[in-house]
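Here's the letter readout for the chains.
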Amino acid sequence: MIDRRALGRTIGAGTAAASLAGWLGSSPASAAPAGPEASTPVRTKALTSFESLKQVRAGELTIGYAEVGPAKGPVVVLLHGWPYDIHSYVDVAPLLAAEGYRVIVPYLRGYGTTTFRSPKTFRNGQQAVVALDIIALLDALRIEKALLGGFDWGARTADIIAALWPRRCKALVSVTGYLITNREKNRRPLPPAAELAWWYQYYFATERGELGLAHYGHDFAKLIWRDVSPTWHFDDATFDRTAKAFENPDYVSIVIHNYRWRLGLAAGDPRYDGIEAKLAAGPAVAVPTITLDGELDPFTPAGDGSAYRAKFTGPYDHRALDGIGHNVPQEAPEAFARAVLDADRL
C-alpha cells in the first residue's frame, strides 16, 4: 500500500501533464504491467478539452461521450458528478490512454450533449436510473466489462454497478468511498457541522431553490466549486468549459429531482422499486476497489475510510489525498489515474 502522506505530497507537486513513470517506479506494484503489455508509461501532455464527442442511443437516452485511447484497449469508464461534467477527466484520460486503455467519459443524464429520446420520458434523477444509463451505454457500445471510476454522482453510480452488476465491473475507483443512498437513513439528522455542507440540498427542496438554480446556474456551480475544493485555483476558462454542460434543457429538472428524491421529497419511477430495495439494504462491493478521500473535501467521512471499509469485501486499498478537495480527478489527476492502474492489478 502506498503511504498516504507521501502520496499527498507527491500529488501536490505534480501537474496533469506529467508522466506516471515516477509513480510506477516508486510503487510496490511497479513490477506489474500498468496496462495491456505496458510496463513503462508514455509521457503525454494534458488536453485543454476533448477533441470530439460521440453520441450513441442507449436506453431512453442519446448519450454524449468522449473517447480517448486505443479502440481495442481494456475499457475504463469515468463518471462525473454535480456540478461538474466530463472535463473533470480531461487530464486523467490521456494518462490512461497512454497506458493502452480505451477511456470513455459520458455526460450523465441532464448534462452536456446527453438528451432524452422522447419528450414524454420522466426526467428522473434517482440513483438506480443513472446507474442503468451506464449499463445501457455499455450495452450500446458492446462492452461486456469495464473498470469504473467516479466521484460525487459518478462514484455513487459506479458503486451501484459494482454492487448489483459485478460482472460488468472489472474494478472500481470510488472517491469518498461507499455512496449508495439509503433514503430511510437520509431522514435522520446529521450533526449541525455536517448538515452545513449540504446546505444546497435543502435549498433545492424549495420552489425558490429550483428557480434559483434555473436563474443562477453558473454562479451556483462556481460557488460550489470554490466551497468544496478550497485549494483548487481554477481559472474562468476552466469553469466556462464545464458550465456549457449546464445548458442542457433537462439539467435543472434532473438535478432538482435527484436531491429531492434522496430526501424522500420526490417519488422515483415504480419500475425501479425492486432495484432501490436492494440498494437500501446496503449491498457489499466485492470487485477490486480503491477508495480515495480528499483531505479538504467537506463530504469525506472521518476515520481514514473506516466509516465505509466493511462495505468493500474484495481486494481493497484506501488512499487519503493531502490538500485535495472534492473534485479529485481534476485537482489530482495523477493520483486518480494511478488508482485506476493499481485497481486493475489488485
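Residues numbered from 1 in each chain as written. Predicted model: local features only at pLDDT ≥ 70, side-chain atom pairs only at ≥ 80, totals over all residues. Heavy atoms only, no water.

### Examining the overall build of the protein chain
Inference 1: Broken down by element type, the protein chain carries 15 helices and nine strands.
Inference 2: Counting over 346 residues, the protein chain shows a buried share of 58%.
Inference 3: Within the structure as shown, the protein chain displays about 14,400 Å² of accessible surface, and the carbon and sulfur contribution to it stands at 54%. (Helix = DSSP H or I, 4+ residues; strand = E, 2+ residues; numbered from the N terminus. Buried < 20%, exposed > 50% of the residue type's maximum accessible area, 1.4 Å probe, protein only. Areas by Shrake-Rupley, 256 points an atom, 1.4 Å probe, with all protein chains shown as cover.)

### A short note on helix α9 (residues 207–215)
Inference 1: Listed in full, the buried residues belonging to α9 are Gly209, Gly212 and Leu213. The buried residues of α9 all sit within an arc of 95 degrees when viewed along its axis, so they share a single face. Along α9, the residues that are exposed and aim more than 90 degrees away from the buried face are Glu207, Leu211, Ala214 and His215.
Inference 2: Residues of α9 that are buried in the fold lie against α8 (199–203), α10 (217–228) and α12 (251–262). (Arc of directions from axis to C-beta. Contact = heavy atoms within 4.5 Å.)

### Quick word on the confidence of the model for the protein chain
Inference 1: With 86% of its residues at a pLDDT of 70 or more, the protein chain has an overall mean of 88.
Inference 2: Contacts for the low-pLDDT stretch residues 1–19, under 50 throughout, to residues beyond four places or in other chains number 41 contacts.
Inference 3: In this model residues 21–45 is a low-confidence stretch, pLDDT under 50, and it forms 50 contacts with partners more than four residues away in sequence or in other chains. (pLDDT = per-residue confidence, 0-100.)

### Things to note about the packing of aromatic side chains
Inference 1: Applying the stated criterion to the full structure yields 31 aromatic pairs.
Inference 2: For the pair Trp198 and Phe299, a centre-to-centre distance of 4.7 Å together with 50 degrees between the ring planes defines the contact as tilted. Here Phe299 lies in the loop between β8 (289–294) and β9 (316–321) and Trp198 lies in the loop between α7 (192–197) and α8, a separation of 101 residues in the sequence.
Inference 3: The class of Trp198 is partly exposed, set by a relative accessible area of 21%.
Inference 4: Its relative accessible area of 16% is what places Phe299 among the buried residues. (Phe/Tyr/Trp six-rings, centres within 6.5 Å; stacked < 30°, edge-to-face > 60°.)

### A few points about the pairing of strand β4 (residues 102–106)
Inference 1: Taking burial as the measure, the five residues of β4 include five buried ones, the bulk of the element.
Inference 2: Pairing of strand β2 (residues 61–68) with β4 involves four bridges; the strand directions are antiparallel. Pairing of Val68 across the sheet is with Val103, part of β4.
Inference 3: Where strand β3 (residues 75–79) meets β4, three bridges bridge the pair, whose relative direction is parallel. Across the sheet, residue Val77 finds its bridge partner in β4, namely Ile104. (Pairing = 2+ DSSP bridges.)

### Re the nonpolar core
Inference 1: Counting residues in hydrophobic clusters, the biggest one holds 101 residues, and the most contacted among them are Trp82, Leu96 and Phe336.
Inference 2: Counting residues per element, this core draws most heavily on helix α4 (residues 127–140), which supplies nine residues.
Inference 3: Aside from chain neighbours lying at most four places away, what touches Trp82 is Tyr111, Asp152, Trp153, Tyr200, Phe204, Leu213, Phe220, Ile224, Tyr251, Val255 and Tyr259. (Core = buried A, V, L, I, M, F, W, Y, C linked by side-chain atoms within 4.5 Å.)

### As for the pairing of β8
Inference 1: By the criterion of burial, β8 is predominantly enclosed, with six of the six residues buried.
Inference 2: Covered by surrounding structure in β8 are Thr289, Thr291 and Asp293 together with Ile290, Leu292 and Gly294, the residues of both alternating faces.
Inference 3: Pairing geometry for strand β7 (residues 169–175) and β8, over four bridges, is parallel. Looking across to β8, one finds that Val175 is bridged to Leu292.
Inference 4: In this structure, β8 lies alongside β9, joined through six bridges in parallel fashion. Bridged to Asp293 within β9 is Ala320.

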